[in-house]
Protein chains: 2
Amino acid sequence: MVMKVYGAVFSTPAQRVLAALYEKDLVFEFVPVDMWAGEHKQEHFLALNPFGQVPAFEDGDLRLFESRAIAQYIAHAYKDKGTPLVCEGKLMAIVSVWMEVEAHQFDTVVSKLQWELVYKPKSGMATDVAVVEENEAKLSKVLDVYEARLSQSKYLGGDCFTLADLHHLPTLSNLMGTPLKKLFDAHPKVNAWAAKIVARPAWAKVLAMKNQQ
Amino acid sequence: MVMKVYGAVFSTPAQRVLAALYEKDLVFEFVPVDMWAGEHKQEHFLALNPFGQVPAFEDGDLRLFESRAIAQYIAHAYKDKGTPLVCEGKLMAIVSVWMEVEAHQFDTVVSKLQWELVYKPKSGMATDVAVVEENEAKLSKVLDVYEARLSQSKYLGGDCFTLADLHHLPTLSNLMGTPLKKLFDAHPKVNAWAAKIVARPAWAKVLAMKNQQ
């Protein structure tokens, strides 16, 4: 039975799972969820994710939700396929630190910026300049730490591309298309890292799916 | 060389790491960080955690930060000691889902409630009733999902106590001492689970450290 991803291609958490599947060169079926019609809040979807959020995932009788947990499962369960994405022992502990940094330092700030600078303009809503300024200052400080880290190692988790980098891709990619690209330009190591990870063939496949919509 | 935890015992992320160490029956040194004096923003601490947040952790030459990453390291590196806390394969994937739920569904709401109902009153600041009401409603919905989950399995990750439960302990324990205990009373399975996990001997040791302060 082929793996199934339930989601919408414009959803950044869904894109995170798609990126992991493409990095692993795995065959899967994408099942679109009509979020505009509120399908993610309907009973059949709530059976897959009780919080009513995309993506949800099935691999045989295993049902998962929460994008970062799904990506971790894919990386561990299919560790001999495609890009490794995870390491063993102490190296994995460092990767885990930077996965937590993405979730708690980067995403908390970037998700607010993405809402103001990407989703609100698309929906004809006005951007809240004060929220942008507050979070732009926070993001700049986060990127200072990333700059120092990426001066010591090629990728966030170490010298190879792992989930710690991959988890950033969807929101990072959105942000690069906004005026906040300037924050990356001001952090050369971060900018080079960002350019390198968005150029990965697996990510190009996710963007192609998104652009087909 | 003995493991070191750098932190403050009133910090919920530090308590998360201490709970994991006590569950594992490990010997460690607790190095107090004087947060009132801003020690966590000083250069010697920033070398341990560039984000200037407690806890930080050392095991030999391995330096980690982010409480959930540290707890995962402890659980995996010392898997043959004390309480297992993690599983293998597909069971671990389910534990990971509920670890993500704690971080993204529970903690995001509870940290705001904790600020309003625990820390602000302690510092003589006024509680923002509107913020409490908004997040109380959100927490109630989260606990509805927990109630359904805990009707199917003894603990969040499955039939044994794991990191998915442990990660909740510090904030859950704080919340139980506020008027929001009523939300737990209204969710009997959640209430029984909460009572069971806060009664663990390892957690009693963390509370004893906190009360010595």
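An unreviewed UniProt entry lists chain A under the name glutathione transferase, with Rhodamnia argentea as the source organism. Entered under Sequence similarities (unreviewed entry) in the UniProt record, the comment concerning chain A runs "Belongs to the GST superfamily. Phi family." Under the UniProt heading Subcellular location (unreviewed entry), the entry covering chain A gives this text: "Cytoplasm, Cytosol".

Undergrad: What is the right way to read the sheet that holds strand β2 (residues 28-32) of chain A from this model?
TA: In a beta sheet, neighbouring strands pair by backbone hydrogen bonds and run either parallel or antiparallel. All names here are of chain A. One open sheet accounts for four strands, arranged β2-β1-β3-β4; its pairing is mixed. Bordering the open sheet on either side are β2 and β4 (62-65), each of which pairs with just one other strand. Put simply, the sheet's adjacent strands are angled 20 degrees from each other on average, direction ignored. Bridge analysis of strand β1 (residues 3-7) against strand β3 (residues 56-59) gives three bridges, and the strand direction is antiparallel. Pairing of K4 across the sheet is with E58, part of β3. Against the sheet, helix α3 (residues 67-77) engages β3 and β4, with an angle of about 135 degrees to β4.

Undergrad: Explain the domain arrangement of chain A to me, please; I cannot follow it from the model alone.
TA: When the parts of a complex come together, some accessible area is lost, and that lost area is often taken as the interface size. Residues and elements named next belong to chain A. We note that the domain assignment places domain 1 (3-84) and domain 2 (89-202) within chain A. The centre of domain 1, based on its C-alpha atoms, is set 22 Å off from the matching centre of domain 2. In this assembly, 14 residues from domain 1 lie in contact with 16 residues from domain 2. Three residues stand out in domain 1 for area buried against domain 2, namely R16, E23 and R68, and they jointly supply 42% of the buried area on that side. The interface formed by domain 1 and domain 2 includes four salt bridges. For the interface between domain 1 and domain 2, the tally reads four residue pairs in polar contact (both at pLDDT 80 or more). Elements with a minimum of two residues in the side of domain 1 that touches domain 2: α1 (12-23) and α3. Residues that form the side of domain 1 that touches domain 2 fall into these classes: six nonpolar, five polar and three charged.

Undergrad: Help me out: how do you make sense of the nonpolar core in this one?
TA: Generally speaking, soluble globular proteins have nonpolar side chains that are buried together. In terms of nonpolar packing, the biggest core is built from 124 residues, with W98(A), Y146(A), W193(A), W98(B), Y146(B) and W193(B) touching the most fellow members. In terms of residue count, helix α4 (residues 89-122) of chain A provides more of this core than any other element does, 12 residues in total.

Undergrad: Just checking my understanding: could you explain the packing of helix α1 (residues 12-23) of chain B against helix α10 (residues 201-212) of chain B for this structure?
TA: For any two helices packed against each other, one specifies the inter-axial angle together with the distance between the axes. All names here are of chain B. Put simply, α1 and α10 touch, their axes get as near as 8 Å, and they point 130 degrees apart. If you check the angle between α1 and α10, you find them oblique. You can see that α1 and α10 cross each other, and the crossing is right-handed. Contact with α1, carried on its side by Q15, L18, A19, Y22 and E23, involves A202, W203, K205, V206, M209 and K210 of α10 and no other residues of that element. By residue class, the composition of the contact of α1 with α10 is seven nonpolar, one polar and three charged.

Undergrad: Looking at this structure, how should I read the relation of the copies chain B and chain A?
TA: Mapping between the two chain copies consists of a rotation about an axis together with a translation along that axis. When chain B is fitted onto chain A, the two copies agree to an RMSD of 0.0 Å after a turn of 180 degrees and an axial shift of 0.0 Å. The two molecules are tied by a two-fold rotation axis, judged by turn and shift. A high fraction, 100%, of the interface residues of chain B reappear at the interface in chain A, so the copies pair face to face through one surface.

Undergrad: Please explain α1(A) as it appears in this structure.
TA: All names here are of chain A. Taking 1.5 Å as the rise per residue, α1 with 12 residues should run 16 Å; its terminal C-alpha atoms sit 16 Å apart, in good agreement. Of all 12 residues that make up α1, 10 are buried, and the element is covered over most of its length. Once α1 finishes, D25 follows within two positions and takes phi at roughly 55 degrees, a positive value.

Rules behind the numbers
- Residues numbered from 1 in each chain as written.
- Chains lettered and ligands numbered in written order.
- Predicted model: local features only at pLDDT ≥ 70, side-chain atom pairs only at ≥ 80, totals over all residues.
- Heavy atoms only, no water.
- UniProt positions renumbered as here; feature names shortened; annotations may be inferred.
- Pairing = 2+ DSSP bridges.
- Helix = DSSP H or I, 4+ residues; strand = E, 2+ residues; numbered from the N terminus.
- Axes fitted to C-alpha atoms, helices over the stretch in contact; angles between N-to-C directions.
- Contact = heavy atoms within 4.5 Å.
- Domains from an automatic or database assignment.
- Buried area = accessible area lost by both parts, 1.4 Å probe.
- Salt bridge = Lys/Arg side-chain N within 4 Å of Asp/Glu carboxyl O.
- Polar contact = N/O pair within 3.5 Å; in protein donor to acceptor, adjacent residues only side chain to side chain.
- Nonpolar A, V, L, I, M, F, W, Y, C, P; charged D, E, K, R; others polar.
- Core = buried A, V, L, I, M, F, W, Y, C linked by side-chain atoms within 4.5 Å.
- Buried < 20%, exposed > 50% of the residue type's maximum accessible area, 1.4 Å probe, protein only.
- Parallel < 35°, antiparallel > 145°, perpendicular 65-115°, else oblique.
- Left-handed = near helix turned anticlockwise from the far one by under 90°.
- Least-squares fit on C-alpha atoms with pLDDT ≥ 70 in both.
- Expected span 1.5 Å × (residues − 1).

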